[in-house]
Amino acid sequence: MKFFLDSANLEELKKALDWGVIDGVTTNPSLIAKEGVPVEDQVRRICEIIDGDVSAEVVSTCARDMAAEGRRLARIHRNIVVKVPLGEEGIKAVAALSQDGIRTNVTLCFSAAQALLAAKAGAYIISAFIGRVDDIGWPGMDLIRDIVTIYRNYGYKTQILAASIRGTLDVVDAAKAGAHIGTLPYKVLEQMVKHPLTEKGLAQFMEDHRKAFELVTA
Ligand code: G3P
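Residues numbered from 1 in each chain as written. Predicted model: local features only at pLDDT ≥ 70, side-chain atom pairs only at ≥ 80, totals over all residues. Heavy atoms only, no water.

Colleague: Even after reading the chapter, I still don't get the site of the ligand, so can you show me in this structure?
Modeller: In the neighbourhood of the ligand, the contacting residues comprise Asp6, Asn28, Lys83, Phe129, Arg132, Ala163, Ser164, Arg166 and Thr183. With respect to the ligand, the side chain of Asp6 contributes an N or O atom lying 2.6 Å from an oxygen atom. Here an oxygen atom of the ligand sits 2.7 Å away from a polar atom, N or O, in the side chain of Arg132. Summarising the interface, the protein chains cover 84% of the accessible area of the ligand, which totals 310 Å² for the free molecule. For the shell around the ligand, the class distribution of residues is 2 nonpolar, 3 polar and 4 charged. (Near = heavy atom within 4 Å. Polar contact = N/O pair within 3.5 Å; in protein donor to acceptor, adjacent residues only side chain to side chain. Areas by Shrake-Rupley, 256 points an atom, 1.4 Å probe, with all protein chains shown as cover. Nonpolar A, V, L, I, M, F, W, Y, C, P; charged D, E, K, R; others polar.)

Structure (structure tokens):
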């Protein structure tokens, strides 16, 4: 499973890269807005920090403008993946960009039907949002499972990216379901590594070692 950091913050990315487990980055207009830097400049800086897929989202609303904006974004760096929101205009833009050999990450996916359209349009990645579905009381993970089944049935190469991740279990369940990528907020990375029994066991190891050796030499 590839791990992407779901952030446009450079300091957070540098911290995450120290873990040695981050394969790429996803941004979106809200994450970019938090940094207060135009998307072109911020994703260029991100590409200078990490050698992996970096998703940069278009904000145009019609297919022709989305495609033109996507071509501009793709020219920033070879690692840029152009993020395009679903909808009729988005699917048309993905088809056009795919024809140009430009990789796309189709985002704001909330149904298997949308994911099927994205794969047929030539999407490189489909971003299926788990947390926002859970937030309204529906089983978000079923979306991942349905997409995995459909893509396997027809051999689609589009990579399934589990997005809108709220915690450790979302990552584990998405991995069990067969998602190719999980995009994680930094806080989820920190949650994943912790377990109370690990902390308890380590404290006991340290205490036993101290009693056996440090007291002797004291
Ligand atoms: O960046 C795409 C997605 O992971 C954002 O989801 O629900 O945390 O805004 P959310």
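Additional details are given in the paragraphs that follow.
Colleague: Explain a nonpolar patch on the surface to me, please; I cannot follow it from the model alone.
Modeller: On the surface, Trp19, Val21 and Val193 cluster together into a nonpolar patch covering about 250 Å² of accessible area. Considering the arrangement of structural elements, one finds Val21 in the loop between helix H1 (10-17) and strand E2 (24-26). You can call Val21 partly exposed: its relative accessible area is 33%. (Patch = residues over 30% accessible without salt bridge, like charges linked within 9 Å, V, L, I, M, F, W, Y side chains within 5 Å. Salt bridge = Lys/Arg side-chain N within 4 Å of Asp/Glu carboxyl O. Helix = DSSP H or I, 4+ residues; strand = E, 2+ residues; numbered from the N terminus. Buried < 20%, exposed > 50% of the residue type's maximum accessible area, 1.4 Å probe, protein only.)

Colleague: Help me understand the packing of helix H8 (residues 140-154) against helix H9 (residues 168-177) in this model?
Modeller: Interhelical geometry of H8 versus H9 gives an angle of 20° and a closest axis separation of 9 Å. In terms of axis orientation, H8 runs roughly parallel to H9. In this structure, H8 crosses over H9, and the sense of that crossing is right-handed. Along its contact with H8, which presents Met141, Ile144, Arg145, Val148 and Arg152, the element H9 presents Asp170, Asp173, Ala174 and Ala177. (Axes fitted to C-alpha atoms, helices over the stretch in contact; angles between N-to-C directions. Parallel < 35°, antiparallel > 145°, perpendicular 65-115°, else oblique. Left-handed = near helix turned anticlockwise from the far one by under 90°. Contact = heavy atoms within 4.5 Å.)

Shape is all these values report; function is a separate question.
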